[in-house]
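Spelled out from the first residue to the last, the chains are:
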Amino acid sequence: MQSYETLLVREEDGVLEIRMNRPQVLNALSRTLKLELQAAMKAAGRRPEVRVVLLSAEGRGFCSGQDLYDEETDGRRSIGESLRTLYNPLIEAMIGMPKPIVAEVHGVAAGAGMSLALAADMRLMGESARLVAAFSRIGLVPDSGLSYMLPRLVGLGRAMEIAMLADPIDATQALSLGLCNHVHPDAELHTAAWAFCRRLADGPAQALGLTKKALRRGVELSLREVLEYEAVLQEQAGHAGEYVEGVAAFKEKRRPVYRKV
Ligand code: T3D
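Since this is a predicted model, take the numbers as computed values, not measurements. (Residues numbered from 1 in each chain as written. Predicted model: local features only at pLDDT ≥ 70, side-chain atom pairs only at ≥ 80, totals over all residues. Heavy atoms only, no water.)

I'd love a proper account of the overall build of the protein chain, names of residues and values included.
Helices and strands together make up the secondary structure of the protein chain, namely 10 helices and 9 strands. By the compact-globule yardstick of 18 Å for 261 residues, the protein chain fits well, its C-alpha radius of gyration being 19 Å. Along the three orthogonal principal directions, the C-alpha set of the protein chain runs to about 65 × 40 × 35 Å. Put simply, the protein chain has 261 residues, and 47% of those count as buried. (Helix = DSSP H or I, 4+ residues; strand = E, 2+ residues; numbered from the N terminus. Rg over C-alpha atoms; globule rule 2.2 N^0.38 Å. Buried < 20%, exposed > 50% of the residue type's maximum accessible area, 1.4 Å probe, protein only.)

See the structure below:
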């Protein structure tokens, strides 16, 4: 397996854990970390044995966003270029990957760290975790897809307040706003995240990949386009062995086994 300077990776039972590993700066996104996350996500997308990706982090926080010491902050550097080359391809690789991505958020997820968490398909948070849209605190605008994801998850009015005031959102609030799927006691979060991912990995990988495509596209399209897109995807799913196995298991009154299909 590929080794990285700023990531730890673990693969088991079809789950690939990509773990950010710069704990001394709360996993601030240095150039190397961004490039390695990009490479790891793209590799995960290509490998059929990876059925689910778990994005997690070492140390006491998930990710503090752009590494404010790594690059110039005096206005001379092109931040637009930095986004185009380092952040945007990473977010596109996550959204476009036809596999579920789960973020395990503990401690703080700030700025682009919050964007990364929201680019995952589902989020599990520790009880003491918090999300901070820290951009406005340092005179920037939301980036790395936050302005795309946030209003879709919480609605426009709430997104405006979250992005403008940048108040920390605790796990309970995140759950009620729809920003996370489940909250777990901090000490149990990692085990719960693996159990959640293993459940997904036991599912029909192709159908779940197509489900992600359907839901991601569904928020963009008109009803008529969605209905047609569903028909196209269902045609693909219906010709896969997973459908045969699912129906056979139903008729034989047993649990379907999708891992070998
Ligand atoms: O530039 C571009 O390419 C554009 C992209 C922009 C995207 C963005 O992400 S903009 C937002 C950038 N992030 C921030 O503004 C957050 C900055 N950090 C904080 O506000 C706080 O650290 C936190 C709220 C995240 C956590 O607070 P706390 O009290 O739990 O921890 P701390 O003591 O502030 O931080 C611990 C250490 O991590 C500390 O180092 P030290 O003093 O122990 O040596 C701190 O300097 C370091 N650290 C935290 N955040 C960053 C960081 N180092 C570099 N970059 C950081 N973003």
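Describe in detail helix α5 (residues 156-165), supporting the description with residues and values.
Along α5, the residues classified as buried are Ala159, Ile162 and Ala163. Taken around the axis of α5, the buried residues stretch over an arc of 90°, which confines them to a single face. Relative to its buried face, α5 has exposed residues pointing more than 90 degrees away, namely Gly157, Met164 and Leu165. Buried residues belonging to α5 abut α3 (112-119), α4 (146-154), β8 (169-170) and α6 (171-177). Two residues or fewer after α5 comes Ala166, characterised by a positive phi angle close to 55°. (Arc of directions from axis to C-beta. Contact = heavy atoms within 4.5 Å.)

Tell me about the packing of aromatic side chains, and name the residues and values.
Both the distance between ring centres and the angle between the ring planes are used here to describe each pair of aromatic rings. A complete count under the given rule lists 0 aromatic pairs for this structure. Lying across the ring of Trp194, Arg10 places its NZ or CZ 4.0 Å from the centre. For the cation-ring pair, Arg152 lies above Tyr148, with the distance from its terminal atom to the ring centre recorded as 3.8 Å. (Phe/Tyr/Trp six-rings, centres within 6.5 Å; stacked < 30°, edge-to-face > 60°. Lys NZ or Arg CZ within 6 Å of the ring centre and 35° of its normal.)

Got a sec to walk through the site of the ligand? Specific residues and values, please.
As a matter of local geometry, the ligand sits amid 22 residues, with Gln66, Leu68, Arg77, Ser82 and Ala112 nearest to it. Between an oxygen atom of the ligand and a side-chain N or O atom of Arg60, the distance comes to 3.0 Å. Between an oxygen atom of the ligand and a side-chain N or O atom of Ser82, the distance comes to 2.8 Å. Counting atoms within 2 Å of the grid points, the majority share of the ligand lands in the largest pocket. (Near = heavy atom within 4 Å. Polar contact = N/O pair within 3.5 Å; in protein donor to acceptor, adjacent residues only side chain to side chain. 1 Å grid on protein atoms, 1.4 Å probe; cavity = no way out; pocket = protein on both sides within 12 Å on 5 of 7 lines; lining within 4 Å. Sits in = over half its atoms within 2 Å of the grid points.)

Got a sec to walk through the layout of surface pockets? Specific residues and values, please.
Each pocket or cavity is described by its volume, and for the largest pocket that value is around 540 Å³. Looking at the largest pocket, it is lined by 28 residues, and the ones nearest its centre are Ser64, Gly65, Gln66, Leu68 and Ile138. Breaking the lining of the largest pocket down by element, the ones donating at least two residues are α2 (79-96), β5 (108-110) and β7 (130-132). Of the residues that constitute the lining of the largest pocket, the class distribution is 16 nonpolar, 6 polar and 6 charged. Approximately 460 Å³ is the volume found for the second largest pocket. Lining the second largest pocket are 19 residues; nearest its centre among them are Ala120, Asp121, Lys212, Leu215 and Arg216. Those elements that place two or more of their residues in the lining of the second largest pocket are β6 (122-126), α4 and α8 (205-218). Along the lines of polarity and charge, the residues of the lining of the second largest pocket split into 11 nonpolar, 3 polar and 5 charged. Counting contributing residues per domain, the lining of the second largest pocket is built from domain 1 (7-201) and domain 2 (205-251), each supplying no fewer than three. (Points joined across faces, edges and corners; volume = space filled by probe spheres on them. Nonpolar A, V, L, I, M, F, W, Y, C, P; charged D, E, K, R; others polar. Domains from an automatic or database assignment.)

Go over unusual backbone geometry with me, naming the residues and quoting the values.
The phi torsion of most residues other than glycine is negative, and most of the peptide bonds are trans. Look at Ser144: it is not a glycine, yet its phi comes out positive at around 55°. As for its placement among the helices and strands, Ser144 is situated in the loop between β7 and α4. Within the chain, Ala166 stands out as a residue other than glycine whose phi angle is a positive 55°. Residue position: Ala166 is located in the loop between α5 and β8.

Run through the domain arrangement of the protein chain, naming residues and quoting values.
Under the domain assignment, the protein chain is made up of domain 1 (7-201) and domain 2 (205-251). Placing the centre of domain 1 and that of domain 2 at their C-alpha centroids yields a distance of 27 Å. Residue-level contacts link 14 residues of domain 1 with 7 residues of domain 2. The interface formed by domain 1 and domain 2 holds 3 salt bridges in total. The salt bridge partner of Asp121 is Lys212, with a shortest N-O separation of 2.8 Å. Connecting domain 1 to domain 2 are 6 residue pairs in polar contact (both at pLDDT 80 or more). Going through the elements one at a time, α2 and α4 are the ones with two or more residues in the side of domain 1 that touches domain 2. Class assignment for the residues of the side of domain 1 that touches domain 2 results in 10 nonpolar, no polar and 4 charged. (Salt bridge = Lys/Arg side-chain N within 4 Å of Asp/Glu carboxyl O.)

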